[in-house]
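# Structural overview
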Amino acid sequence: MDLIIVRNTERMARIGADLIQRQLATKPDSVLGLATGATPLNLYREMVARHRRGRLTLERAITFNLDEYLGLGPEHPASYASYMRRHLFGPMGLDPARAHLPNGTAAAPEAEAKCYEARLQAVGGIDLQLLGIGLNGHIGFNEPGSALDSRARVVCLSATTRAANQRYFPLDESTPTHAITLGIGTIMEARRLLLLASGSAKAAAVSDALEGPITPEVPASVVQRHPRVTVLIDAEAATAL
Ligand code: GLP
């Protein structure tokens, strides 16, 4: 495991973008596994800035997002589809046909999850998977208790996760109770992982994930088993290591 501890999130963004740029230079048609939340925002900003300077393009890349809320369509402002369009796909001019997310409003969500997994396998799986970490150690929306070999599926969100994500929803709307997420098994098949975390609130989750036992109770702990993982965190998220 490569553990990189940096001063601040700007530095995180630069190093993360360097890794992605290198990945795309080696394989322009890489399959990138993408994450949402507050953590990757600076990284996406940096990617967009490099795109504007002509240094980074997703022209030949394919993207698969980790997850989507059940019940939210792509037009809902708190959907991950909308987040990705706003922060990355739109500004980078990514062809929508190359950008994949689970359909949160599919009539048969379990079938949609299976189909999403199949679409990912059909392009050969993920080359580089970007990950954030939840306060409870989740990755994607794989909550504590998720099987370490799980595949894409419908999951029930924990109270902690729903409370943490409530800030993205209007006051009169609560965080959805369910989501579709890639499984831990799917994530672990990615050829390379890049786990990001910032801020003191993540310190305990980061130390449990990196230094604790590998257990379904801390889904992110599974990264200890991955042969090619870079953990890129700021000093605050590193305080419990
Ligand atoms: C969300 C997402 C995860 C993300 C995590 C942390 O629930 N499903 O993919 O990594 O929470 O989010 P944040 O970066 O906002 O702390």
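Residues numbered from 1 in each chain as written. Predicted model: local features only at pLDDT ≥ 70, side-chain atom pairs only at ≥ 80, totals over all residues.

### Some words on the overall build of the chain
We apply this condition: Only runs of H or I of at least four residues qualify as helices and only runs of E of at least two qualify as strands under DSSP, and these elements are numbered from the N terminus. Here the globule rule reads 2.2 Å times residues to the power 0.38, and the radius of gyration is calculated from C-alpha atoms. Any two residues are considered in contact once their C-beta atoms, placed from the backbone, lie within 7 Å.
Along its length, the chain carries seven helices and 10 strands. In summary, the chain has a C-alpha radius of gyration of 16 Å against a globular reference of 18 Å for 241 residues, a match within 12%. Partitioning the contacts of the chain with sequence separation of at least 6, the portion at a separation of at least 24 is 79%.

### Notes on the UniProt feature "active site" (unreviewed entry) in the chain
In plain terms, the rule: UniProt positions are given in the numbering used here, feature names are shortened, and annotations may be inferred rather than shown by experiment. As a rule, residues whose C-beta atom has 12 or fewer other C-beta atoms within 10 Å are exposed, those with 20 or more are buried, and those in between are partly exposed; C-beta atoms are placed from the backbone.
Residues annotated by UniProt as "active site" (unreviewed entry) correspond here to Asp 67, Asn 136, His 138 and Glu 143. Structurally, the position occupied by Asn 136 is in the loop between strand S6 (128-131) and strand S7 (153-156). If we ignore the near neighbours within four places in the chain, the residues touching Asn 136 are Glu 143, Pro 144, Ser 158, Thr 160, Thr 161 and Ala 205. Examined against the element boundaries, His 138 turns out to sit in the loop between S6 and S7. Take His 138: there are 26 C-beta atoms within 10 Å of it, and that puts it in the buried class. Not counting residues up to four positions away in its chain, the partners in contact with His 138 are Glu 143, Pro 144, Thr 161 and Pro 219.

### Quick notes on the environment of Leu 19
The residue Leu 19 is located in helix H1 (residues 9-26) in this model. Look at Leu 19 and you get partly exposed, because 18 C-beta atoms sit within 10 Å. Separated by 201 residues in sequence, Leu 19 and Ala 220 place their C-alpha atoms 20 Å apart.

### A look at helix H2 (residues 41-52)
What counts is decided by this rule: By this rule, a helix spans an expected 1.5 Å times one less than how many residues it contains.
The first and last C-alpha atoms of H2 sit 17 Å apart over 12 residues, in line with the 16 Å expected at 1.5 Å per residue. On its buried side, H2 packs onto H1, helix H3 (80-92) and strand S9 (192-197). Following H2 by one or two positions, Gly 54 has its phi on the positive side, about 75 degrees.

### Quick notes on the site of the ligand
The cut-off we apply is this: Nearness here has a simple definition: the residue's C-beta atom, placed using the backbone, must lie within 6 Å of the molecule or strand. Note on residue categories: nonpolar means Ala, Val, Leu, Ile, Met, Phe, Trp, Tyr, Cys or Pro, charged means Asp, Glu, Lys or Arg, and polar means any other residue, Gly included.
Around the ligand, the surrounding shell holds 14 residues, and the nearest of these are Ala 35, Gly 37, Ala 38, Thr 39 and Gly 132. Looking at side-chain class alone, the shell around the ligand contains five nonpolar, eight polar and one charged residues.

### A few points about the packing of H1 against H2
Filter applied, for reference: Axis definition: a line fit to C-alpha positions, over the contact stretch in the case of helices; interaxial angles, taken between N-to-C directions, run 0 to 180 degrees. Angles below 35 degrees are treated as roughly parallel, those above 145 as roughly antiparallel, those between 65 and 115 as roughly perpendicular, and all remaining angles as oblique. The sense of a crossing depends on the near helix, which, turned anticlockwise from the far helix by less than a right angle, makes the crossing left-handed and, turned clockwise, makes it right-handed.
Packing of H1 against H2 brings their axes to within 8 Å, and their N-to-C directions diverge by 55 degrees. Between H1 and H2, the crossing angle belongs to the class labelled oblique. Relative to H2, the crossing made by H1 is right-handed. Of the residues in H2, those in contact with Thr 9, Glu 10, Met 12, Ala 13, Arg 14, Gly 16, Ala 17, Ile 20 and Gln 21 of H1 are Asn 42, Leu 43, Arg 45, Glu 46, Met 47 and Arg 50. Residues that form the contact of H1 with H2 fall into these classes: six nonpolar, four polar and five charged.

### A few points about the UniProt feature "domain: Glucosamine/galactosamine-6-phosphate isomerase" (unreviewed entry) in the chain
Sites flagged by UniProt as "domain: Glucosamine/galactosamine-6-phosphate isomerase" (unreviewed entry) map to residues 11-227. The distance from the first to the last C-alpha atom of residues 11-227 is 25 Å, and the span holds 35% helix and 14% strand.

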